[in-house]
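Structure assessment
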Amino acid sequence: MKPIKVGLLGLGTVGTGVVRIVEGHQDDLSSQVGSPIRIEKVLVKDLQKARNVAIPEEMLTEEAGDIIHNPDIDVVVEVMGGIEPTKQYIMDALEQGKHVVTANKDLMAVHGREIMAKAKEKRCDVFYEASVAGGIPIIRTLMEGFSSDRIKKIMGIVNGTTNFILTKMSQEGAGYEEVLKEAQALGYAESDPTSDVEGLDAARKMAILATLGFHSDVALEDVDVRGISQIKKEDIAFAKRLGYEMKLLGIAERQDDQISVVVQPTMVSTSHPLAAVNGVFNAVYVYGEAVGETMFYGPGAGEMPTATSVVADLVAVIKNMKLGVNGQRALTPYKEKKLKTDDQIAYKNFILLHVEDKAGVLAQITQVFAEYEVSLDSVVQQPNPHNPDAEIIIVTHQASQASMKKVYKHFDNLDVIKSIKSAYRVEG
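Throughout, residues of each chain are indexed from 1 in the direction in which the sequence is written. Since the coordinates come from a predicted model, pLDDT governs what is reported: local features require at least 70, and pairs of side-chain atoms require 80 or more to be given and counted, while whole-chain, interface and lining totals use all residues. Only hydrogens and water are set aside; all other atoms, that is, all heavy atoms of the structure, feed into the side-chain values.

Under the convention used in this document: UniProt positions are given in the numbering used here, feature names are shortened, and annotations may be inferred rather than shown by experiment.
The name that an unreviewed UniProt entry assigns to the protein chain is Homoserine dehydrogenase, with the source organism given as Paenibacillus apiarius. Taken verbatim from the UniProt record of the protein chain, the Cofactor (unreviewed entry) comment is "a metal cation". In its Sequence similarities (unreviewed entry) section, the UniProt record describing the protein chain reads: "Belongs to the homoserine dehydrogenase family."

As structure tokens, this is what we get:
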């Protein structure tokens, strides 16, 4: 039986996992697709580097052309990451009529439309399940499981590094910098953690999910992004006291074909399933008009979980090859993108104010909210032995982003308010 031959671009953590699964699960995979799967060639940076997986030397190459222009290779699996030269490799592979499986969220978030257009032109498959939430099959679920439904909201924890940091801060009362160093020591955070902690990684993933869920071409620059680096121990302590857990959430919403996509630290009610997602785990919550609420939970990164998603895509490509239907799954956005304005984006807010400790201050503050038609859910004033000013904690009802911006601007000019210490979105 003729084997399906695969070219692998990259032999890092995920690439190593792909080799382990393809070689170790050969009987199961062959029975699913009707023929053996063989990794023919692997692109590496250094032929002499020690490997964590046994692989014949003749299978390794430092030249991408040995894979892209090899007529025997049917599918190219890209797990090297980065934008360039990765994008060019994938475009060249498609030009050669090769199908592509990628785990590259950065590439698909920035150039996904162009890549999918080329795949459609060449009648090739491009599958990218592993680009979002590691081992959770959320992309396939959005494309197939929800194909008969209309998705209204996608909300989730899609970055394991930040979830690990916030979990440790919540459970141990530790500070941000302290936990970040621990995350770096454990390998959960890079030496330069900017992409994770400033929300950029999550924003790329949310752009992909929003594009698939809402059938509109959501670009990275359409995502309103705020990271976790400014979160303090006291913020998390206040959240817990009020019945919330702090999470970095990606939130994509659609109403009347107008959409908004944000990534920001959010206080999530402890009664909501996302509040219980801890450590490096990911979870994506999807609300459909017909099905209602669903949640998908699992490991968001790591060698074997991510490699499992990659190989699942590889199996799907080969099944399509057997059926002769490659290139027909590519879903290009067909709805005009209409982004919500600040007047149309509304949510509950948590605000911590440091104010002068004197009579009449609270009345002035509540008058500001009334002026901009923001109703209040709760107001708590308490002394702080470490601060001569009073602290006022306010949780609003649903309020438009436009109204809240006016409130904050007014607060900046209100003498009795020393500082807006913290402000967070509230969900659940």
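Still more to cover.
**Focus: the packing of aromatic side chains**
Under the convention used in this document: Pairing of aromatic rings covers Phe, Tyr and the six-membered ring of Trp, with a centre-to-centre limit of 6.5 Å; geometry is then stacked below 30 degrees between planes, edge-to-face above 60, and tilted otherwise. The helix count covers DSSP runs of H or I at least four residues long, the strand count covers runs of E at least two residues long, and both are numbered beginning at the N terminus. Note on exposure labels: buried denotes an accessible area under 20% of the residue type's maximum, exposed denotes more than 50%, and partly exposed covers the range between, all computed with a 1.4 Å probe on protein chains only.
Under the definition given, this model contains five aromatic pairs. Here the aromatic rings of F369 and F411 are separated by 5.5 Å at their centres, their planes lie at 80 degrees, and the arrangement is edge-to-face. In this pair, F369 is assigned in helix α13 (residues 361–371) and F411 in helix α14 (residues 401–412), connecting sequence segments 42 residues apart. Side by side, F369 and F411 carry an identical accessibility label, which is buried.

**Examining the side chain of R140**
As a reminder of what qualifies: We call two N or O atoms a polar contact when they sit within 3.5 Å, provided that within protein one can donate a hydrogen and the other can accept it, with sequence-adjacent residues counted only if both atoms are side-chain atoms. We call two residues contacting when some pair of their heavy atoms lies within 4.5 Å.
On the secondary structure map, R140 appears in helix α6 (residues 138–145). Side-chain polar atoms of R140 contact the side chain of D313, separated by 2.5 Å. With residues up to four places along the chain from it excluded, the contact list for R140 reads E129, G145, A312, D313, A316 and R329.

**Section: the pairing of strand β9 (residues 244–255)**
What counts, and what does not: At least two DSSP bridges between two strands are needed for those strands to be called paired.
For β9, the tally of buried residues reaches 11 of 12 residues, placing the bulk of the element in the interior. Inspection of the sheet shows strand β7 (residues 151–157) paired to β9 by four bridges, in the antiparallel sense. From the neighbouring strand, K153 faces β9, where its bridge partner is E253. Here 12 bridges tie β9 to strand β10 (residues 258–269), and the two strands are oriented antiparallel to one another. When the sheet's bridge partners are listed, M246 is paired in β10 with M267. The antiparallel pairing of β9 with β10 creates a hairpin that spans two residues between the two strands, and D256 there sits at a positive phi of about 55 degrees.

**Focus: the nonpolar core**
Selection rule: Only buried Ala, Val, Leu, Ile, Met, Phe, Trp, Tyr and Cys residues count toward a nonpolar core, and they belong to the same one when joined by side-chain atoms within 4.5 Å.
One finds V126, I138, I139, L142, I165, L209 and F350 to be the most contacted residues of the largest nonpolar core, which totals 75 residues. If you tally residues by element for this core, the top one is helix α10 (residues 200–214), at nine residues. With sequence-adjacent residues up to four places away left out, I138 is seen in contact with E129, V132, A133, L209, V284, V286 and F296. Among the nonpolar cores identified, the runner-up in size contains 33 residues, and I4, V42, V77 and A307 belong to it.

**Comments concerning the side chain of D125**
Structurally, D125 can be placed in the loop between α5 (105–121) and β6 (126–127). On the accessibility criterion, D125 (1% relative accessible area) is buried. Here N320 takes part through its side chain, which lies 3.0 Å from a polar atom of the side chain of D125. Of the polar contacts made by the side chain of D125, one reaches the side chain of N326; its length is 2.6 Å. Here D125 is in contact with L94, H99, V100, V317, N320, N326, G327 and Q328, once residues within four sequence places are set aside.

**Overview of the sheet that holds strand β1 (residues 4–9)**
If you walk across this open sheet you meet the six strands as β3-β2-β1-β4-β5-β6, and the pairing is parallel. If you trace the sheet from one side to the other, it starts and ends with β3 (60–61) and β6, each paired once.

**Describing the layout of surface pockets**
We apply this condition: With a 1 Å grid spanning the protein atoms alone, the term cavity applies to any set of points in which a 1.4 Å probe fits but cannot get out, the term pocket to an open set with protein on both sides within 12 Å along at least five of seven lines, and the term lining residue to any residue with an atom within 4 Å of a point. Grid points are joined across faces, edges and corners, and a volume is the space filled by probe spheres set on the points. Each residue is assigned to one of three groups, with Ala, Val, Leu, Ile, Met, Phe, Trp, Tyr, Cys and Pro labelled nonpolar, Asp, Glu, Lys and Arg labelled charged, and all others, Gly among them, labelled polar.
By volume, the largest pocket is sized at about 1,100 Å³. Contributing elements (two or more residues each) for the lining of the largest pocket: α1 (13–24), α5, α7 (160–172), α9 (194–197), α10 and α12 (303–323). Of the residues that constitute the lining of the largest pocket, the class distribution is 12 nonpolar, 17 polar and 10 charged.

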